[in-house]
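Residue-level listing of the chains:
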Amino acid sequence: AAGDISLRVGEGYHGSAGNITIFSGMTHGKPSRRGSKPIPTNGGLVTIKTGYSAETNSGDFIVNTADAGKKGESGHVQMSTGISTDGEAGYVKMLTGSSENDSGGHIEMSVGSGKGVLGGDIVLYAGESTSDIGVGGRVRLFGGTGSSSSRKEGGKGGIIQIVGGKAYGENKMT
């Protein structure tokens, strides 16, 4: 087996535990050109990639927060992009891989269960435009493309289903 790298902050008994922070490099230079080639002045990139296997599965990438203590909430997971002045702000993109002989990877988002009065929500908001002639962002859902040209069973596009939750009690909330 290949070697491991482990980063860990020690334990404490009073106050908050220690943090791990990773920053990439920053630049103060202005974009310029070397002949006809532009010289970029982007900030540093952070890349985390799992390991490759020549015979079986590549490594998993798992991000978890720890369970909560007796009287707290478990930690949050947040992904956000920075603010931009003149260009578009960055985007968040989630992609799965393709497969030559099987299905592409799935994207699944689900909310955990709890004993609260209401279940947890999934909320999607499109972007706001504050321009005088602006139009707010769109929420678009597309079923998958069935790109096989076979006349027998191929070429059917994927379905979009929206289904309400099941009600097991007598109170029919709408």
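Observations concerning the environment of Gln161
Along the chain, Gln161 falls in the segment after strand S2 (37–39). As a C-alpha pair, Gln161 and Tyr91 span 70 residues in sequence and 26 Å in three-dimensional space.

Side note on the pattern of salt bridges
Pairing between side chains becomes possible if they bear opposite charge and their charged atoms approach one another. Scanning the model with the defined rule gives one salt bridge in all. We note a salt bridge from Glu11 to Arg8, for which the minimum N-O separation is 3.9 Å. Like Glu11, the residue Arg8 is exposed in the burial classification.

Some remarks on the layout of surface pockets
Space inside the largest pocket adds up to approximately 1500 Å³. In terms of lining, the largest pocket is formed by 25 residues, of which the most central are Val63, Val77, Gln78, Met79 and Met94. Taken as a whole, the second largest pocket holds about 1100 Å³ of empty space. Here the lining of the second largest pocket is built from residues that sort into ten nonpolar, four polar and two charged.

Definitions and limits used
- Sequence positions are assigned chain by chain, starting from 1 and proceeding in written order.
- Totals for whole chains, interfaces and linings use every residue, but because this is a predicted model, local features are given only for residues with pLDDT of at least 70 and side-chain atom pairs only at 80 or more, for both listing and counting.
- Calculation of side-chain values draws on the structure's entire complement of heavy atoms; hydrogens and water are dropped beforehand.
- In this text, helices come from DSSP runs of H or I with a minimum length of four residues, and strands from runs of E with a minimum of two, each type numbered from the N-terminal end.
- Salt bridges are counted wherever a side-chain nitrogen of Lys or Arg sits within 4 Å of a carboxyl oxygen of Asp or Glu.
- Per-residue accessibility, obtained with a 1.4 Å probe over protein chains only, is compared with the maximum for each type, and a residue is labelled buried under 20%, exposed over 50%, and partly exposed between these values.
- With a 1 Å grid spanning the protein atoms alone, the term cavity applies to any set of points in which a 1.4 Å probe fits but cannot get out, the term pocket to an open set with protein on both sides within 12 Å along at least five of seven lines, and the term lining residue to any residue with an atom within 4 Å of a point.
- Grid points are joined across faces, edges and corners, and a volume is the space filled by probe spheres set on the points.
- Under this grouping Gly is polar, as are all residues other than the nonpolar Ala, Val, Leu, Ile, Met, Phe, Trp, Tyr, Cys and Pro and the charged Asp, Glu, Lys and Arg.

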